[in-house]
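Below, each chain spelled out in residue letters.
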Amino acid sequence: MNKKIILFILLISAFFASCSDLEDIIDVSELPPLQTKKLLILSEGGMGLNNSTLALFDLRSNFKDLDYFQTTNNRGLGDTANDILKYGSKIYLVINGSSVIEIINVENGKSLKQIPLKTTDGKSKQPRSIAAYGGKVYITSFDDTVTRIDTTLLSVDGNITVGQDPEGICIKNNKIYVANSGGLNFMSGDYDKTVSVINLQSFKEEKKIEVGMNPNKIYADSEGDIYVNIRGNYTSEPAAFKKITPSTGVVSTIENVVATEFVLVNDKAYILLSEWGKPSVIKVYDCLSEKLTTETFISDGTVIDNGYKINVDAFSGDVYVNTSDFISAGSTFCFDKNGKLKFKLDKVGLNPCGIVFLN
Amino acid sequence: MKFFNNLTLLFLVVIFMTTQQVFAQSTFDVSIDSLHQLPEVVVSEKHSDSEVRSTTSMQILSEQSIENLNALQVSDAVKHFSGVNVKDYGGIGGLKTVSVRSLGANHTAVGYNGITVSDVQTGQIDISRFSLDNVNMISLNNGQNDQIFQPARSFSSSSFLNIVTKVPDFDNDKDLSGKASFKTGSFGLLNPSLVVNFRINNKLSSALSAELTSANGQYPYILHYGTAGKDSTSLEQRQNTDVKNLRLEGVLFGNFSDSSNGNIRFYYYGSERGLPGATIYYNTDNFSKQRLWDKTFFTQAHYEKRISGKWSVQGNAKYNYGYVRYLDPTFLSTEGRLENIYKQNELYGSFSALYRAFENMSFSLATDVTHHTMSANLRNFANPTRLTTQSALSAKYVNNRILSIASLLYTHTFESVEIEDAAPNKSRFSPYLSLSIQPFEDFDLRIRAFYKNIFRLPTFNDLYYSIVGTRSLKPEDANQFNLGITYSTAFGAWLPLFKFTADVYHNNVSNKIIAVPNKNMFEWSMINYGEVKIDGLDVSVESAFKLPNNWNLMLSSAYTYQKALNISDRQSSIYGHQIPYTPRLSGSGRALIEMPWFNVGYSLIWSGARYVSSQNIVENRLDGYFDHSISVSKSILTKIGKLAFNIEAINLSNNNYQIVRNYPMPGRSYRTTLSFNF
């Protein structure tokens, strides 16, 4: 009898789990490498300078190629690369200024396809961020759209309009969440305040949730909560860190936490705070206990100036901080999960942003 | 079907036209051209004599030199000066600013007939707007010139580039003179101009001039997808490069008596141009859609009187209106465009007195008041007003072998705004001292030296631009030390002119006004930060040879060495690196052969490698270049006037070199000019 009840409960819970958590069906290639042996570090370059770069670092042989894309393809990556994503056997590079998606082979870095992103009247879409799920990649662009690309056909198979100047994008529980910044309305001050919720299957916007002025990065934790940082209008409207609970639609402010730059990996939000002329600070917010668990992540006294972007190796828990002074090639610091410096790479590129971890 | 296509095309054109938008980049400037007849600047001595006698380094291009320079715009001519760095974005409509001796374009004052052209918004003057039509000479002074009887504003910059237009002259029996000219050439260039001078009576004369410049500017270039030199390339054509400029000018000159004269000038300049933008890989077309409209109007009056043998006075007044509209039709805001409109107004008055106390010694006092306002269609823009008072007290000692000048400039600003707080008022004393000595009586070798401490005020963009502007900025300081020699001679009839000048200098710029992300990594604002140390050498040689059979040969060259290092922060990875866009070595050369049948001119501009940003790494390196041009000219004297014909081939090696990265210069082009002086 007891066995039957237990089995029954298990079956029921398995049923609910599979209903509510489609996300758990994961492509093996999406998993982080068991041991990171190579890094691909994307650098934005400077606006109008055509100097975005993709640098390759082999951590065992110390081989490096600071302009790996150029070396492999005999042409530059383009102007202002903003995001990078590994999905399956391909890497997707989001080039904002050149307004293209560059798709390269993980194995050899060769370009498989360059997809120009243009509006119907020929303007640049200016792509910004990328996320992947179920054989498709989804890209936010400054022309207020999300573009879907089929990863087998390597072609655009849909566009939808969202809010203004979408920035971050994440996918969770059959929904795509997009942070609509309205950042290009800085002249009028009419920033957007919403997150668009898009149905993954129908690829239609279901609703907009108001979260606060100028939302930027957006990530989901394993419980399905959505975290988004609000940048405000840089004057009267302050920055904030917010949580959306999709089941209730409630948006709550996480008090006493500022997250101007953050990444969410393994249910932890790694927050990077930088102020001109002061060492950068990394804080860790635990999304399950919903507490700021680490005030100063760096434990060995390493000083980082001008921390620009933060990335985390999901398998090892290593934390990577890219630095930028906007005029010279930045560095990449790697800390272990306890905040001790493991290594530092210098002169990685101008404004280094995203990292892909390879084995 | 054909009808349908045409209709579609028409529709697209309409759409295109209605989606044109405006964006005003803070780097674009409204320059305000001022016209003024500077009292003491009437150069009666030969230009080469002024150059060697000057206590500061002074370079002059006369009308005749300019004619043989293959120069269309003032910027083309200025590139021939030593110590000069013209930041040229390419093409007729491309922005062109001048930095002298690595101090930065904000430290270069540009004068039109002696009076400073101001742009209080950006502090930089785009010299692409100045045509060479009707120009009598262009001079460049480091520090300041040797005149002390001039407005106080002329003392207030690190260097002074002056454009002087022609004063009408008439044949004895005629009351009418002038020049009609027509230029045409590659990339759709059309440039008609007309100057008409009238003698009204013994005391009054007037000059009216009009000039139109139009070009489509669509030059071909090779786009390299990388900087390694082995990258893929494509053949492209520069787009959205059309220019249309109109200049109208009228001057009334009065010579009231032997001891008093004056003039009043009206000037209008209107321009519409496309901004071709940087050549962005895979997306150049979308970066070449921006448009820029400029309008400048000013009127200016000058009066000068010698009261007695010891006293002279002069007064100057000016009103200037400047308008800039910038449109980016590809901007992805809700409006789908970015449009900025900036307006500036300037009211200016100046009074100067000269006192010849002794035979060799004179003193002057000049006081200027300038009232600037600016408005912009920016949200919550402060609409600032700046009242600047400048007073300069100067002393000059001169005899046959010594020339020395000392001056002290006092500047005070009063700022007010309509929204929020104004920037604090500023007051400064700026000293200047110069000396030139000829050690040997019969040997025209002179040793010269000058010291100048000056500053540039924060611009209205620096102080008040939305979000970025910082009210508390201090002025950016510049110190200049110069030591030089000049030598000039003539060897009999065959070498009527040989002139040599060499100057070494040490400059220092501190409290540099730059933008940094100073709150976090994405909110930028202006701060005073950093220092640049500059050591340099300028050399120029000029010679004229008289050859047999009535041939003449003129040769000249200029050479510049500049070590301009960022010394802001010892810990920084760019400490001791050469500042951006500043070649270590650069130079120019000119040759002119005059023959009985026609003249042949050759000119060369060259530059060594430069870095496009602060870090001196190979990725940031921009190759050096040579730009060779030749011209053939012929003039015929007729009963009614002089007819001149000129044909030029510019950038003979057809190299799309870059002065600014991703802004290729035009390759080989041709130009022809027909002009008639009457």
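Residues numbered from 1 in each chain as written. Chains lettered and ligands numbered in written order. Predicted model: local features only at pLDDT ≥ 70, side-chain atom pairs only at ≥ 80, totals over all residues.

## Regarding the overall build of chain A
Next up, step 1: Check the secondary structure of chain A and you find two helices and 28 strands.
Next up, step 2: For 359 residues, the compact-globule estimate of 2.2 N^0.38 gives 21 Å, and chain A sits close to it at 20 Å.
Next up, step 3: Based on the C-alpha atoms only, the size of chain A along its principal axes is roughly 65 × 55 × 50 Å.
Next up, step 4: Counting only residues that meet the buried cut, chain A has 49% of its 359 residues in that class.
Next up, step 5: Sequence-distant contacts, at least 24 apart, represent 43% of the contacts inside chain A between residues at least 6 apart. (Helix = DSSP H or I, 4+ residues; strand = E, 2+ residues; numbered from the N terminus. Rg over C-alpha atoms; globule rule 2.2 N^0.38 Å. Buried ≥ 20, exposed ≤ 12 C-beta atoms within 10 Å, placed from the backbone. Contact = placed C-beta atoms within 7 Å.)

## Here we look at the pairing of strand β12 (residues 166-172) of chain A
Residues and elements named next belong to chain A.
Next up, step 1: Within β12, six of the seven residues are buried, which leaves it mostly tucked inside the rest of the structure.
Next up, step 2: Direction of pairing for β12 relative to strand β13 (residues 175-180): antiparallel, over a ladder of five bridges. Within the sheet, the bridge partner assigned to Cys-170 lies in β13 and is Tyr-177.
Next up, step 3: Hairpin remark: β12 followed by β13, antiparallel, with two residues in the connecting loop; positive phi at Asn-173, about 50°. (Pairing = 2+ DSSP bridges.)

## Overview of the sheet that holds strand β2 (residues 53-58) of chain A
All names here are of chain A.
Next up, step 1: A sheet is described by the order of its strands in space; here four strands give the open sequence β3-β2-β1-β28, paired in antiparallel fashion. What marks the edges here is a single partner per strand, and that holds for β3 (64-65) and β28 (352-358).
Next up, step 2: In the sheet, β2 pairs with β3 via two bridges, with the strands oriented antiparallel. In the strand pairing of β3, Phe-57 is matched with Lys-64.

## Structural notes on the interface of chain B and chain A
Next up, step 1: At the interface, 37 residues of chain B touch 42 residues of chain A.
Next up, step 2: Classifying every residue of the side of chain B that touches chain A by side-chain character gives 16 nonpolar, 14 polar and seven charged. (Nonpolar A, V, L, I, M, F, W, Y, C, P; charged D, E, K, R; others polar.)

## Looking at the nonpolar core
Next up, step 1: In terms of nonpolar packing, the biggest core is built from 97 residues, with Leu93(A) and Ile169(A) touching the most fellow members.
Next up, step 2: Counting residues per element, this core draws most heavily on strand β5 (residues 90-95) of chain A, which supplies five residues.
Next up, step 3: Residues in contact with Leu93(A), not counting those within four places in the same chain, are Leu42(A), Leu54(A), Leu77(A), Ala81(A), Ile84(A), Ile101(A), Glu102(A) and Ile104(A).
Next up, step 4: Counting residues in hydrophobic clusters, the runner-up holds 42 residues, among them Met137(B), Leu140(B), Val164(B) and Ala564(B). (Core = buried A, V, L, I, M, F, W, Y, C linked by C-beta atoms within 7 Å.)

## Some details on the environment of Phe182(B)
All names here are of chain B.
Next up, step 1: When you line up the elements, Phe-182 lands in strand β8 (residues 176-185).
Next up, step 2: The class for Phe-182 is partly exposed, based on 14 C-beta atoms found within 10 Å.
Next up, step 3: Taking the C-alpha atoms as reference points, Phe-182 and Asn-162, 20 residues apart in sequence, are found 25 Å from one another.
Next up, step 4: Setting aside anything within four residues of it in sequence, one finds Phe-182 in contact with Pro-192 and Leu-674.

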